[in-house]
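# Summary of the model geometry
Spelled out, the chains give:
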Amino acid sequence: MSLYWGSASPFVRKVMACAHELGLADRIDILDSAANPIDRDTRIQAYNPLAKVPAARTSNGLALYDSRVICEYMDTLAAEESGIASPRLFPLAGPARWSALRRQALADGLLDAALLVRYENLLRPEQLRWSEWIDKQSEKVADALDAMLADVPDLSAVDIGTISYACALGWLDFRFPDLDWRSGRQQLADWQATFDARPAMTATRPRA
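This one's a predicted model, so the numbers in the text were calculated from it and none came from an experiment.

### Examining the pattern of salt bridges
Opposite charge on two side chains permits pairing when their charged atoms draw close. Taken as a whole, this structure holds 14 salt bridges when the rule is applied. Where R27 meets E81, a salt bridge forms, and the shortest distance between an N and an O atom there is 2.7 Å. Residue R27 is found in the loop between helix 1 (10–22) and strand 2 (29–32), and its partner E81 is found in helix 2 (residues 67–82); the two are separated by 54 residues along the sequence. Of the charged contacts in the structure, one is a salt bridge between R185 and D146, with a shortest N-O distance of 3.0 Å. Linking R185 in the loop between helix 5 (160–175) and helix 6 (186–195) with D146 in helix 4 (residues 131–149), this pair joins segments that are 39 residues apart in sequence. Overall, the relative accessible area of 11% leaves R185 in the buried class. Overall, the relative accessible area of 40% leaves D146 in the partly exposed class.

This is the structure in structure tokens:
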């Protein structure tokens, strides 16, 4: 599989963390990109018409996007190749499946709101920035963090939900170092510190 990649993208990190957990990382051909909401990298459109990363293509030419689809594809592939009936990162059914998918949705929603704050501050001309917009997106981030605190996973759970949580929290550290999201959320902070020490997470730390 080939993958359009960005070193700072939390969604790319989610894909690569899953690949490491599944033993597939060395089978991914990394294609560097410069995805940007203003100056779009049109090279990526060969894989994803939205020109967003991550975007992948399998060896038989199947295009895959976004991170949710790519991660589930890899999990299914790893299960099929190993002869194991059940995927490792996407539970097949029951409460475990819905918890994992809900956690992924919450983490992705946190990132969507945080990215909007970053783009407003970084890309919009200063005189046009909308403070109320920034405040309301920041509220979403805080509410998502509080929901994570109320739903701190067991450390034995390694699935798409917990990987998504860890990638979202790691990206806040990377892009919003002054946010202090750990304040009042010690249990979540402790979980993050332990989960983020997994080899799959240390191998995929974001960089500028």
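### A short note on the sheet that holds strand 1 (residues 2–5)
Read across the open sheet, the 4 strands follow the order 2-1-3-4; overall the sheet is mixed. Looking along the sheet, the strands with just one partner apiece sit at the ends: strand 2 and strand 4 (63–64).

### A few points about the packing of aromatic side chains
The full count for this structure, using the stated rule, is 5 aromatic pairs. With centroids separated by 6.0 Å and ring planes inclined at 20°, the aromatic side chains of W130 and W133 adopt a geometry described as stacked. What makes W133 partly exposed here is its relative accessible area of 30%. Aromatic pair Y165 and W191: ring centres 6.2 Å apart, planes at 85°, arrangement edge-to-face. Taken as a pair, Y165 in helix 5 and W191 in helix 6 lie far apart in primary sequence, 26 residues in all. Each member of the pair Y165 and W191 is classed as buried. Of the aromatic side chains, those joined through ring pairs into one cluster are Y165, W191 and F195.

### Remarks on the packing of helix 1 against helix 3 (residues 94–122)
Across the interface, helix 1 lies against helix 3 with an axial gap of 11 Å and an inter-helix angle of 150°. For the element pair helix 1 / helix 3, the angle class is roughly antiparallel. The segment helix 1 lies against helix 3, with P10, F11 and K14 engaging Q104, D108, L111, D112 and L115.

### Description of the nonpolar core
A general trend in soluble globular proteins is that nonpolar side chains are found buried together. Grouped together as the largest cluster of nonpolar side chains are 54 residues, with contacts concentrated most on L3, M74, L110, L145 and M148. The set of elements that each furnish at least two residues to this core consists of strand 1, helix 1, strand 3 (55–57), helix 2, helix 3, helix 4, helix 5 and helix 6. Ranked by the residues each element gives to this core, the list is headed by helix 5, at 9 residues. For M148, the contacting residues outside a window of four places in its chain are L106, A107, L110, Y165, A168, L169 and L188.

Rules and cut-offs
- Residues numbered from 1 in each chain as written.
- Predicted model: local features only at pLDDT ≥ 70, side-chain atom pairs only at ≥ 80, totals over all residues.
- Heavy atoms only, no water.
- Salt bridge = Lys/Arg side-chain N within 4 Å of Asp/Glu carboxyl O.
- Helix = DSSP H or I, 4+ residues; strand = E, 2+ residues; numbered from the N terminus.
- Buried < 20%, exposed > 50% of the residue type's maximum accessible area, 1.4 Å probe, protein only.
- Pairing = 2+ DSSP bridges.
- Phe/Tyr/Trp six-rings, centres within 6.5 Å; stacked < 30°, edge-to-face > 60°.
- Axes fitted to C-alpha atoms, helices over the stretch in contact; angles between N-to-C directions.
- Parallel < 35°, antiparallel > 145°, perpendicular 65-115°, else oblique.
- Contact = heavy atoms within 4.5 Å.
- Core = buried A, V, L, I, M, F, W, Y, C linked by side-chain atoms within 4.5 Å.

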